[in-house]
Amino acid sequence: MSIDLSQFQQVFFEESFEGLEIMETSLLGLDPNDVDDEEINTIFRAAHSIKGGSGTFGFSAVADFTHVMETLLNEMRDGRRAVTAESVDILLQSVDVLRDMLAAADEEREVDVARVAAQKQVLENVLNPDGEDESTAGEDKVENNAPPESDEKPIGWHIIFRPLPQILKTGNDPMRILRELMELGEIHIEVDDSDLPDLSNFDPELCYLAWDITLMTEKNRAEVDEIFAWVEDDCELIVHEILADKSAVDQQTPVLKVVAPVEDRRVKKDRRDKEPKKASGSSSIRVDITKIDELINMVGELVITQSMLSLLGETFEMEKLEQLNDGLSQLERHTRNLQESVMQIRMLPISFTFNRFPRLVHDLSAKLGKKIDLQVHGETTEVDKTVIEKIGDPLVHLVRNSLDHGIEMPADRLASGKSEVGVISLNAFHQGGNIVLEIRDDGKGLDRAVLVKKALEKGLIDGSQELTDRQVYELIFHPGFSTAEKVSDVSGRGVGMDVVRKNINELGGSITIESELGQGTAIIIRLPLTLAILDGQTVQVADETYIVPLGSIVESIQVKEQQVSRVVGRGETFKLRDEYLPIVRLHDVFGIKNSKAKTLQEGLLVIVEGESHRCGLFVDDLLGQQQVVIKSLEENYQRVNGISGATILGDGSVALILDIPSMMRLADKCDLENRVSA
Amino acid sequence: MQSAEQNIEGLNLNDAALGESEDSGQYLTFALGGEDYAIDILRVMEIKGWGLVRPLPNTPEYVKGVMDLRGQVVAVVDLRARFFMERIDYTPTTVTVILSVESQGSSSVIGVVVDSVSDVLEVAQKKIQSAPNLGLHINVCYMSGMVIHNGKMIVLLDIDKFLNPEEMGVGINMQGDTV
């Protein structure tokens, strides 16, 4: 087969992973008491395309494994086998194994052969519960014999190739296959013509022959399989290896077909001692065709406007000024629409992330013995692709927390007058310029007293101050803070919440907790709509323009001298209502000379918040608010402390976007240096 | 301290440029304080007049700031300052040469400010001499060689060595946080 299939391999993997997700979702939706045929069909189709694809690309282990799943599904589809909760669970586990195998193939790393074999055994046991026929027996043999076999390299293959009569109609020519086999090595072919009918009954379009082939070759199993890849479904094929002492020839078990390829591949890989390939660098995105059409329309409009304007420019007179203005505003409108549509391409529905939760909840609730009803709302809400990638793990963590700590055991729930079944709801919606993700449970809620006690033990608070509820809940985000009485493997190691918050902050979002004891907890995550565009406040210091992300600004004020107090004559703080905040002079931190505002009264204080610290950022003036497109500094230069990126202003100059948390750290250091040098 | 270290490296003369099989190459020559320098022309993306540059806080003095190059934010380096030469006011002939710099397999774009650009020079490979040892005060590892043209010496610069982002970072991380 000379076609280079590798170029399609990535597509195959992407489609297979999608197929697995479909299988998983459908399996979870499968109700043993009320089986929906269409649902089973969907699962079957997904399994079938994975099998077909993996056969074509030479992942025969994957194909064989899927084949067993497919057999089971086929029996369910035909109604020959009842759908039970048990078999659904086994299929779900098989989906996991399959995903692992595909991921291993994608990353070119080792697959857990034992796990695959074990799962396959489980599947086959379901298929043949009595273990009476050869496949179970063979499987045992495989488990026992597989490792020694892999040590001994086969010197050839014994193949029984029995095409179905209609093979010729599918466009396959057995002769071609035999010829290809001949190229692999020394070959001995015997034809079996016992099925050949009388001439009167002979249909020239059918194939009545079968072949018994002995191929002496060094080539491995995968290469032999590849030749048969196209006819797999149209023939009976039995392949087993010939070992030097010919012992294996007697094993008349087609099951060998199953494990041998896995062994072969592993041995080969081991020898090469190959490092696992890193996850492919460039990621692709699937875009809804309507979005593309919309873009094309928009560009069309833009071209029309442009030609209208250029025509106007050629023959411009003062009377046409109004026309020009109209044209320009049209241009502006189209540009803005175009920008929005381009941004839309990066947007994916949050269901990409939400889809994994039914499975997670299904598994975890079974493990913990809790009854959970997971409700998902707003899964079509679109968010930026980067958000999808980064929000997954934090969300998993939060949902696990809700399940583990939030929802009580069924008995406790009944005792406290709640329904036995706990409800966890995942909501996604737009609010203002933000995407809001909510994880709500109707569990026991956060216990303020426990949190405070724990924080006192750990020395996070000193007990003298009166904390608001919000401040108490904030304690959860402290590194090393866990209230779970005992550490379970589900959650409670206390390594989570601070990381969750860090990830969300990295996305420019915030996380808050609402809770009522005995009623439940809600965790609310707010994220910016897109990461490529930011709402910013432009501020001026001397001749420089900086952008402060609007999200980190609390308020802007002009301070009066009596609000300001100094510590040892230098460290400036000011009193905002009942809080003392440090003053950070931006021109000091960034070493800008000749700022216009010399005294605090001449400039403005922008109260900014970063990583839960606040400070007053002293600038000369506020210029205005605008949306800015974020450009990376690292792309051509490198990270600069206190700066998260840059943007290009209307006049063509570059403006730097402040990174508030990093700038505050920088200010601390500046202060330290000043003190040392003073 | 840091320059002493580099000088030790510089003693191992870099004659990689001599080994190149190309018979001749074109170089863009430019003036810097009365001296002539040259850069491989294939690395030159464009030449712009000195324009709007936004200073970057807490960066070495030779980093003039960043400018907009059709949507890309590009750092601009003053070559005089980079070579610790006397500073002069920018004149109408002061230009920014936009270069593509390669380091560790990735390329980035950077602008350098020079007094003026002069000419494009065809230099035969065999005419290029290796940079002589100029003593401890001059770091020759940034030079890929030198050539005599019309009786004047022109220094060929190895831009990948002294304009890559790592090199430019020297001095920055000493002040800021290390994140």
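Thresholds applied
Residues numbered from 1 in each chain as written. Chains lettered and ligands numbered in written order. Predicted model: local features only at pLDDT ≥ 70, side-chain atom pairs only at ≥ 80, totals over all residues. Heavy atoms only, no water. Helix = DSSP H or I, 4+ residues; strand = E, 2+ residues; numbered from the N terminus. Buried < 20%, exposed > 50% of the residue type's maximum accessible area, 1.4 Å probe, protein only. Contact = heavy atoms within 4.5 Å. Buried area = accessible area lost by both parts, 1.4 Å probe. Salt bridge = Lys/Arg side-chain N within 4 Å of Asp/Glu carboxyl O. Nonpolar A, V, L, I, M, F, W, Y, C, P; charged D, E, K, R; others polar. Pairing = 2+ DSSP bridges. Axes fitted to C-alpha atoms, helices over the stretch in contact; angles between N-to-C directions. Phe/Tyr/Trp six-rings, centres within 6.5 Å; stacked < 30°, edge-to-face > 60°. Lys NZ or Arg CZ within 6 Å of the ring centre and 35° of its normal. Patch = residues over 30% accessible without salt bridge, like charges linked within 9 Å, V, L, I, M, F, W, Y side chains within 5 Å. Areas by Shrake-Rupley, 256 points an atom, 1.4 Å probe, with all protein chains shown as cover. Parallel < 35°, antiparallel > 145°, perpendicular 65-115°, else oblique. Left-handed = near helix turned anticlockwise from the far one by under 90°. Expected span 1.5 Å × (residues − 1). pLDDT = per-residue confidence, 0-100.

Give me the lowdown on the overall build of chain B, citing residues and values where you can.
Of regular secondary structure, chain B possesses four helices and ten strands. When the helices and strands of chain B are read in sequence order from the N terminus, they spell out α-β-β-β-β-β-α-β-β-β-β-β-α-α. In chain B, which comprises 179 residues, the proportion classed as buried is 48%. Looking at chain B alone, contacts between residues at least 24 apart form 58% of all its contacts between residues at least 6 apart.

So what's going on with the interface of chain A and chain B? Which residues, and what values?
On the chain B side, the residues contacting the 30 residues of chain A number 27 residues. In this assembly, chain A packs against chain B so that about 2500 Å² is buried in total across both faces, 52% of it on carbon and sulfur atoms. Per-residue buried area on chain A facing chain B is highest for Asn636(A), Tyr637(A) and Val654(A); these three make up 30% of the total on that side. Here Arg54(B) and Glu544(A) are joined by a salt bridge, their closest N and O atoms 3.0 Å apart. Elements supplying a minimum of two residues to the side of chain A that touches chain B: β13 (544–549), β21 (643–648), β22 (654–658) and α20 (660–677) of chain A. With five residues, α20(A) is the largest single contributor of residues to the side of chain A that touches chain B. Residues that form the side of chain A that touches chain B fall into these classes: 13 nonpolar, eight polar and nine charged.

Pulling in residues and values, what's your account of unusual backbone geometry?
For Arg577(A), which is not glycine, the phi torsion reads 50° and is therefore positive. Residue position: Arg577(A) is located in the loop between β16 (571–576) and β17 (579–585). For Arg577(A), a relative accessible area of 59% gives the class exposed. Non-glycine residue Asn150(B) carries a positive phi angle of around 50°. In this fold, Asn150(B) is placed in the loop between β9 (143–149) and β10 (152–157). Since its relative accessible area comes to 72%, Asn150(B) is described here as exposed.

Describe the sheet that holds β10(B), listing the residues and the values that go with them.
Residue and element names in this part refer to chain B. Here we have five strands laid out as an open sheet, ordered β8-β1-β2-β10-β9, and mixed in their pairing. Edge strands, defined here as strands with exactly one partner in the open sheet, are β8 (116–124) and β9. Mean inter-strand twist for the sheet, computed between neighbouring axes without regard to direction, equals 30°. Here strand β2 (residues 35–40) pairs with β10 via three bridges, running parallel. Bridging across to β10, Asp36 finds its partner in Ile154.

A description of the packing of aromatic side chains should follow, citing residues and the corresponding values.
Across all of its chains, the model carries ten aromatic pairs over all chains by this definition. Taking the centre distance of 5.5 Å and the plane angle of 45° together, the rings of Phe13(A) and Phe59(A) count as tilted. Here Phe13(A) is found in helix α1 (residues 6–29), whereas its partner Phe59(A) is found in the loop between α2 (37–56) and α3 (60–77), with 46 residues between them in sequence. Relative accessible area serves as the criterion here: at 8%, Phe59(A) is assigned to the buried category. Here the basic side chain of Arg585(A) rests over the ring of Phe618(A), its NZ or CZ set 5.2 Å away from the ring centre. Here Arg82(B) stacks its cationic end above the ring of Tyr62(B), 4.7 Å away from the centre of that ring.

Account for the pattern of salt bridges, with residues named and values stated.
Pairing between side chains of opposite charge can happen when their charged atoms approach one another. In this structure the tally under the stated criterion is 34 salt bridges over all chains. Salt-bridge contacts for Lys385(A) lead to Glu389(A); the nearest nitrogen and oxygen are separated by 2.8 Å. With Lys385(A) and Glu389(A) both in helix α14 (residues 385–406) and four residues apart, this pair spans about one turn of that helix. Between Asp36(B) and Lys152(B) there is a salt bridge whose closest N-O contact spans 3.0 Å. Taken together, the residues Asp36(B) in strand β2 and Lys152(B) in strand β10 connect sequence positions 116 residues apart. Residue Asp36(B) is classed as buried on the basis of its relative accessible area, which comes to 16%. A single network of salt bridges, built from pairs that share partners, joins Glu24(A), Asp96(A), Arg99(A), Arg359(A) and Asp363(A).

So what's going on with the pairing of strand β18 (residues 604–610) of chain A? Residues and values would help.
All names here are of chain A. In terms of burial, β18 is largely enclosed, as six of its seven residues are buried. Pairing geometry for strand β14 (residues 553–557) and β18, over four bridges, is antiparallel. When the sheet's bridge partners are listed, Glu555 is paired in β18 with Ile607.

Can you tell me about the environment of Leu623(A), naming the residues and giving the values?
All names here are of chain A. By the secondary structure assignment, Leu623 is in strand β20 (residues 621–629). Overall, the relative accessible area of 48% leaves Leu623 in the partly exposed class. Once the C-alpha coordinates of Leu623 and Gln537 are considered, the two residues, 86 residues apart in sequence, prove to be 7.4 Å apart. When residues no more than four places from it in sequence are discounted, the contact partners of Leu623 are Gln537, Thr538, Val539, Gln540 and Thr545.

Please provide a residue-by-residue account of a nonpolar patch on the surface, values included.
A surface patch of nonpolar side chains, amounting to about 310 Å² of accessible area, comprises Leu196(A), Leu199(A) and Phe202(A). Among the structural elements, Leu196(A) can be located in the loop between β2 (186–192) and β3 (210–216).

Tell me what's going on with the pairing of strand β1 (residues 24–32) of chain B, and back it up with residues and numbers.
Residues and elements named next belong to chain B. Summarising the sheet, β1 and β8 pair through eight bridges and their orientation is antiparallel. Residue pairing for β8: Gly25 is matched across the bridge by Val123. Hairpin geometry of β1 and β2 is characterised by an intervening segment of two residues between the two adjacent antiparallel strands and by a positive phi of about 55° at Gly33.

An account of the sheet that holds strand β3 (residues 44–49) of chain B is requested, with residue identities and associated values reported.
Paired through backbone hydrogen bonds, the strands of a sheet run either parallel or antiparallel to each other. Residues and elements named next belong to chain B. Read from one edge of the open sheet, five strands run β3-β6-β7-β5-β4, paired in mixed fashion. On the outer flanks of this sheet lie β3 and β4 (63–69), each paired with one strand and no other. Pairwise comparison of adjacent strand axes, ignoring direction, gives a mean angle of 35° for this sheet. Bridge analysis of β4 against strand β5 (residues 72–78) gives six bridges, and the strand direction is antiparallel. Counterpart to Val66 in the pairing with β5 is Ala75.

Could you give an account of helix α8 (residues 221–228) of chain A, with specific residues and numbers?
Along α8(A), six of the eight residues are buried, which leaves the element largely enclosed by surrounding structure. When we look at burial in α8(A), the residues that qualify are Arg221(A), Ala222(A), Val224(A), Asp225(A), Ile227(A) and Phe228(A).

I'd love a proper account of the packing of helix α10 (residues 289–314) of chain A against helix α11 (residues 321–345) of chain A, names of residues and values included.
All names here are of chain A. In contact at an axis separation of 9 Å, α10 and α11 are set at 160° when each is read in the N-to-C sense. When the axes of α10 and α11 are compared, the pair comes out roughly antiparallel. Seen along the crossing, α10 lies across α11 with a hand that is left-handed. Here the residues of the contact of α10 with α11 sort into 13 nonpolar, nine polar and three charged.

Report on helix α5 (residues 113–127) of chain A, specifying residues and quantitative values.
The end-to-end C-alpha distance of α5(A) is 21 Å, a good match for the 21 Å that 15 residues give at a rise of 1.5 Å each. Listing the buried residues of α5(A) in full gives Val116(A), Ala117(A), Gln119(A), Lys120(A), Gln121(A), Leu123(A), Glu124(A), Val126(A) and Leu127(A).

Could you give an account of the confidence of the model for chain B, naming the residues involved and the relevant values?
As a note on interpretation, predicted positions should not be read in detail where pLDDT is low. Residue and element names in this part refer to chain B. Here chain B shows a mean pLDDT of 76. Residues at 70 or above account for 75%. Scored below 50 in pLDDT, residues 1–21 makes 19 contacts in the model with residues more than four places away or belonging to other chains. Per-residue pLDDT stays below 50 along residues 170–179; that stretch engages in 20 contacts with residues further than four places along the chain or on separate chains. The ipTM for the predicted assembly is 0.74, set against a pTM of 0.49.

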